[in-house]
Amino acid sequence: MLVTVGACRLELVQGDITHQEVDAIVNAANSALAGGSGVDGAVHEAGGPSLMDQTRREFPEGCETGSAVATAAGNLAAQFVFHAVGPVWRGGHGDEDRLLRSCYSRCLELAVEHGVESVAFPAISTGVFDYPVDLAAEASLDEVRQFLEQRQRPSLVRFVLFSDGHFGAHARVLEEMVG
Ligand code: AR6
């Protein structure tokens, strides 16, 4: 599914984020940047050890929740990996909406800072961190749409959803948003 926001494209696909041919892919990391399962495991496995070498060297304190840091992408087709730390779902009482939105906007800021034209996002926080996918889809798609409306960059933002259910939830929200 594809919609346009001014001159920019906002796209939903089902698939594996490590296979995307874009300038930057976003990793769903933890605040220690210690690696883990899910997207994080797949990104480090496909990118190789240089990613962890760089995060250890440049970000020894890790990254706070709601923010993101950039590294090179090692063996991946992308040039950069943005390691974003989403919130753990705590029933909606832990400022999760603001923190999740902030992950997306910080990654888009990093894209602009690095001159990146295309970025692929996973559904941050909707796996191990247990964020309900419908709510995550609403917050993340709304945040990205607002950023693109205001800044008109990057030219392509692609959400890469792993399962049918995650794809469907995002497609419903995006249809409602543009309909
Ligand atoms: N490509 C795209 N999406 C994927 C892939 C993939 N290769 N693999 C999983 N997903 P998660 P979180 C989906 O758990 O919830 C790690 O241990 C998955 O189905 O990767 O932000 C980190 O180290 C889900 O919809 O990230 C942290 O400790 C979404 O990606 C913690 O998990 C996010 O699931 C972060 O948890």
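As shown above, the structure is provided for reference.
One structure accompanies this document, and this report is about it. (Residues numbered from 1 in each chain as written. Predicted model: local features only at pLDDT ≥ 70, side-chain atom pairs only at ≥ 80, totals over all residues. Heavy atoms only, no water.)

What to know about the site of the ligand
So, point 1. As a matter of local geometry, the ligand sits amid 23 residues, with Asn30, Asp40, Ser125, Thr126 and Gly127 nearest to it.
So, point 2. Here an oxygen atom of the ligand sits 2.8 Å away from a polar atom, N or O, in the side chain of Thr126.
So, point 3. Take Val128: an N or O atom from its main chain is 2.8 Å from an oxygen atom of the ligand.
So, point 4. Judged by the fraction of its atoms near the pocket grid, the ligand is located in the largest pocket.
So, point 5. Counting residues per element, the ones that place at least two in the shell around the ligand are β3 (24–29) and α1 (38–47).
So, point 6. Broken down by element, the residue count for the shell around the ligand peaks at four residues, all from α1.
So, point 7. Residues belonging to the shell around the ligand are distributed by class as follows: 11 nonpolar, 10 polar and two charged. (Near = heavy atom within 4 Å. Polar contact = N/O pair within 3.5 Å; in protein donor to acceptor, adjacent residues only side chain to side chain. 1 Å grid on protein atoms, 1.4 Å probe; cavity = no way out; pocket = protein on both sides within 12 Å on 5 of 7 lines; lining within 4 Å. Sits in = over half its atoms within 2 Å of the grid points. Helix = DSSP H or I, 4+ residues; strand = E, 2+ residues; numbered from the N terminus. Nonpolar A, V, L, I, M, F, W, Y, C, P; charged D, E, K, R; others polar.)

Some thoughts on the sheet that holds strand β6 (residues 118–121)
So, point 1. A sheet is described by the order of its strands in space; here seven strands give the open sequence β1-β2-β7-β6-β3-β5-β4, paired in mixed fashion. Both edges of this open sheet fall to β1 (2–5) and β4 (68–72), since each of them pairs with a single strand only. When the angles between neighbouring strand axes are averaged without regard to direction, this sheet yields 25°.
So, point 2. In terms of strand pairing, β1 meets strand β2 (residues 8–14) through four bridges, oriented antiparallel. Residue pairing across strands places Val5 opposite Cys8, the latter belonging to β2. (Pairing = 2+ DSSP bridges. Axes fitted to C-alpha atoms, helices over the stretch in contact; angles between N-to-C directions.)

Observations concerning the environment of Gly48
So, point 1. Locating Gly48 in the fold gives a position in the loop between α1 and α2 (50–58).
So, point 2. On the basis of relative accessibility, which here comes to 9%, the residue Gly48 falls in the buried class.
So, point 3. Sequence spacing of Gly48 and Ala73 is 25 residues, and the spatial spacing of their C-alpha atoms is 8.5 Å. (Buried < 20%, exposed > 50% of the residue type's maximum accessible area, 1.4 Å probe, protein only.)

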